[in-house]
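Listed here are the chains, written in short residue letters.
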Amino acid sequence: MKTMQDAFHHTLKDIYYAENAIAKALPKMASAATGKELKAAFTDHLEETKEQIKILKAVFKSIDAKPEGEKCDAIEGLIKESEGIIEEASGKALQACLIGAAQAVEHYEIARYGTLREWAKELGHTEAHDLLSQILDMEKAANAKLTGIAVETVNA
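About the thresholds
Residues numbered from 1 in each chain as written. Predicted model: local features only at pLDDT ≥ 70, side-chain atom pairs only at ≥ 80, totals over all residues. Heavy atoms only, no water. Core = buried A, V, L, I, M, F, W, Y, C linked by side-chain atoms within 4.5 Å. Buried < 20%, exposed > 50% of the residue type's maximum accessible area, 1.4 Å probe, protein only. Helix = DSSP H or I, 4+ residues; strand = E, 2+ residues; numbered from the N terminus. Contact = heavy atoms within 4.5 Å. Phe/Tyr/Trp six-rings, centres within 6.5 Å; stacked < 30°, edge-to-face > 60°. 1 Å grid on protein atoms, 1.4 Å probe; cavity = no way out; pocket = protein on both sides within 12 Å on 5 of 7 lines; lining within 4 Å. Points joined across faces, edges and corners; volume = space filled by probe spheres on them. Nonpolar A, V, L, I, M, F, W, Y, C, P; charged D, E, K, R; others polar.

(A) Quick peek at the nonpolar core. Counting residues in hydrophobic clusters, the biggest one holds 49 residues, and the most contacted among them are Phe8, Leu12, Phe42, Ile75, Leu98 and Leu132. The set of elements that each furnish at least two residues to this core consists of α1 (4-32), α2 (36-62), α3 (73-88), α4 (91-122) and α5 (126-154). In terms of residue count, α1 provides more of this core than any other element does, 13 residues in total. Beyond its immediate sequence surroundings of up to four residues, Leu98 is in contact with Met29, Ala32, Ala33, Leu38, Phe42, Ile85 and Ile86.

If you want it as structure tokens, here you go:
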């Protein structure tokens, strides 16, 4: 990566890979969740993630690039951590740890989308900026929803 455009395109491919990996992992997390609210949050977020993948395809199109992913070690590690939680934890601890793992993913996504959005702005990619802002707002809302479930239900 030698230019900001190179960095933007590389990071866009990284998050595209990540969203697709998350879409594969969320059903396992929903299945492991025993609380009705948490299970619904994971199921709802799966649908949001599928929508985000569509939006990312539009971002690629807006910069005349082919939608493709590039392996993201960060998301692979976060997903591996959630799989370990599913195997090792149980009861209330499982629910609390699932929320923690999901929030780690959300925080990663918020960081990536915040960066991509600002880079898009600097590069003059107005449509990409607007689309990435939509996804960033969705990720922040998902994180807030998980915090609410943790505070009001699981941690209580």
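(B) The arrangement of the packing of aromatic side chains in detail. According to the stated counting rule, one finds one aromatic pair in the structure shown. Between the aromatic rings of Tyr16 and Phe60, the centroid separation amounts to 5.4 Å while the plane-to-plane angle is 80°, which identifies the pairing as edge-to-face. Here Phe60 lies in helix α2 and Tyr16 lies in helix α1, a separation of 44 residues in the sequence. The class of Tyr16 is buried, set by a relative accessible area of 10%.

(C) Fine view of the layout of surface pockets. For the largest pocket, the calculated volume is near 200 Å³. Together, 18 residues line the largest pocket, and Leu26, Phe42, His45, Glu106 and Leu146 are the ones closest to its centre. Every element with two or more residues in the lining of the largest pocket is listed here: α1, α2, α3, α4 and α5. In terms of residue count, the dominant contributor to the lining of the largest pocket is α2 (five residues). Counted by class, the lining of the largest pocket contains twelve nonpolar, two polar and four charged residues.

(D) Broad picture of unusual backbone geometry. Although it is not a glycine, Asp64 adopts a positive phi angle of roughly 55°. Here Asp64 lies in the loop between α2 and α3. Under the relative-accessibility criterion, Asp64 is labelled exposed at 77%.

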